[in-house]
Structure formats: structure tokens, C-alpha cells
Amino acid sequence: MAQQPYIVGNWKMNGSRAMLAEARAIDRGAHRVTTVQVALAPPFPLIALLAEEASAIGVGGQDCHTAIKGAHTGDVSAAMLADIGAGFVIVGHSERRRDHDETDALVREKAQAALAAGIGVIVCVGETLAERDGGHAETVVGRQVTGSLPLGDAAIEAALHGNLSIAYEPVWAIGTGRVAAVADVIAMHAAIGARVTDLLGEAGSKVRILYGGSVNGDNAAELLAAPGVTGALVGGASLAAETFLAIVGAAIKANS
Ligand code: 13P
């Protein structure tokens, strides 16, 4: 059976109590949607508030620590996310790799911690512009997938249940309005898919591969219709219900 597209909004460090009105509107819009899985990852302070209200969308975090608890001031564990109603967490976003020097090994540990806490994981990968221009995009992304993806029985189990996804987000396409060429997206998603199957075996084919980077209501239809693109991780356009639901609408069409 074809996988259900997964449309995830990453609010990054944006949002407020007042902005939950947009999240509520997204939740209401998602009520009518049966063929696409919709989720939002607001910043930590809003997760519990949204998780308590949302009924049609998934709610998740944007990062977690590798440990369950302990002396890690300012950090939040996957178990804490699970406890307040989060159903998934994004790990290894390029902004965290850049701002917090996160390595592939650390990202994998975070992903394993999330699976151990019983929540889903979206592992982010993506090359910089210099890496793409240098002809190294597939090598770099392949290395990130090999180094960051959770492995073992927990990962296979999560993959089989649709709880393990990868987001391919070329760094140069994030927040820039520049979208990767669809042919390049198709090639990269195929390469990632092959790598994931090498790592997880048959279960690897159940890992959804989302595209991210300047996705909006205008370009979503073409991207989501591309072979191997099973969803989108959306930044800026997820902050308003109107623009995010336009992407959800494109996913519904692409999947019909
Ligand atoms: P934009 O959609 O704002 O380019 O952000 C993409 C992203 O980084 C989502 O995680």
C-alpha cells in the first residue's frame, strides 16, 4: 500500500499563545483530511498547550536530549515530550547541526532516545550550497543518513509503523525561497531510499522521505507528485493556517 503523505510544520523558534489560533485552524482544517497525515512541531513552551487541544493533527518537538533525565540544564528529554503528549520529534535539523554543532552520531543517539521513549522521529539531512556546487551532495547526504539514522530492532519496528521518517532539506533551500529542482529531489530521494534499505532492510521501504526547503502552496503540488517524495517538512509556510493548509491540499491531490 502506498504510504500516506506526511505534511509536517516546523515552527522553529516562532510562535506564542496568540499564534495557537493558527494551529487550531490547522487542526480544524485537518479534520476533513483522511488521506494525508498532518502534524505541527511548535517550540517547547507551546507543545503541551497544543497537544491538549489538537485532535486531528500530530504534535511534536523540534529536538530532544539523548538522556531520559538528569543534570542537563535547558534540555528536554524525549520521555518528557512523550509525557506531555508529543507524538514525534524532529532531530538533526541543519539549524541545530549549525547552531549547536550537532554531529551525525549525536543525532542518531537522539533518534534512538526518541524511539526508546515511544515517539516517532524525523531525521533531517541535507547538503550545503558549497557541497552541492562541488558535486558532493549525494555523498554528503548519504553519509548523514548512514551516520544519523537510528538502527536495530527499535528502528525497524518504528519504520514498519510509519514512525520513522527522513527529511531531505538542502540547507541552501531553507528559508531562501529557492527550491531544489524536482529532478534533483527525485534523484536524492531515490539515493536516500536505497541507503535506508541497506541499513534497515525491507522495513526501510516504509520510511517516509519528506522534502523540505521553501515549500509553499505554489510549489507543493509538483514536489509532492514527484516519485519518492512522501511528504514535506515546512518552515515559514506552516506559520499560518491558510498557507499550510494549501500545502496539505496539494498533498491530498497528489495522493488521489
Ligand atoms: P522553510 O520552509 O522556511 O524554507 O524551512 C524549511 C525547514 O527548515 C523546515 O524544517
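All of the points below concern the structure found in this document. The structure displayed is predicted, hence computed values, not measured ones.

### Description of unusual backbone geometry
Then step 1. Here the phi dihedral of K12 falls at roughly 50°; this positive angle occurs in a residue that is not glycine.
Then step 2. Assignment of secondary structure puts K12 in the loop between β1 (6–10) and α1 (20–30).
Then step 3. Phi is positive for S214, close to 60°, though the residue is something other than glycine.
Then step 4. Mapped onto the elements, S214 comes out in the loop between β7 (208–212) and α10 (220–225).

### Points about helix α8 (residues 152–160)
Then step 1. Of all the residues in α8, the buried ones are A155, A158 and A159. The buried residues of α8 occupy an angular sector of 100° when projected down its axis, which confines them to one face.
Then step 2. Looking one or two residues beyond α8, the residue adopting positive phi is G162, at roughly 75°.

### Focus: the pairing of β7
Then step 1. Counting buried residues along β7, five of its five residues qualify, which places the element largely inside the surrounding structure.
Then step 2. Going residue by residue along β7, you find R208, L210 and G212 tucked away on one face and I209 and Y211 tucked away on the opposite face as well.
Then step 3. One ladder, built from four bridges, connects strand β6 (residues 164–168) with β7; its direction is parallel. Within the sheet, the bridge partner assigned to A167 lies in β7 and is L210.
Then step 4. As a crossover connection, the stretch from β6 through helix α9 (residues 182–200) into β7 is right-handed.
Then step 5. For the handedness criterion, the β-α-β arrangement of β7, α10 and strand β8 (residues 231–234) is classed as right-handed.

Conventions used here
Residues numbered from 1 in each chain as written. Predicted model: local features only at pLDDT ≥ 70, side-chain atom pairs only at ≥ 80, totals over all residues. Heavy atoms only, no water. Helix = DSSP H or I, 4+ residues; strand = E, 2+ residues; numbered from the N terminus. Buried < 20%, exposed > 50% of the residue type's maximum accessible area, 1.4 Å probe, protein only. Arc of directions from axis to C-beta. Pairing = 2+ DSSP bridges. Right-handed = clockwise from strand over helix to strand, strands pointing away.

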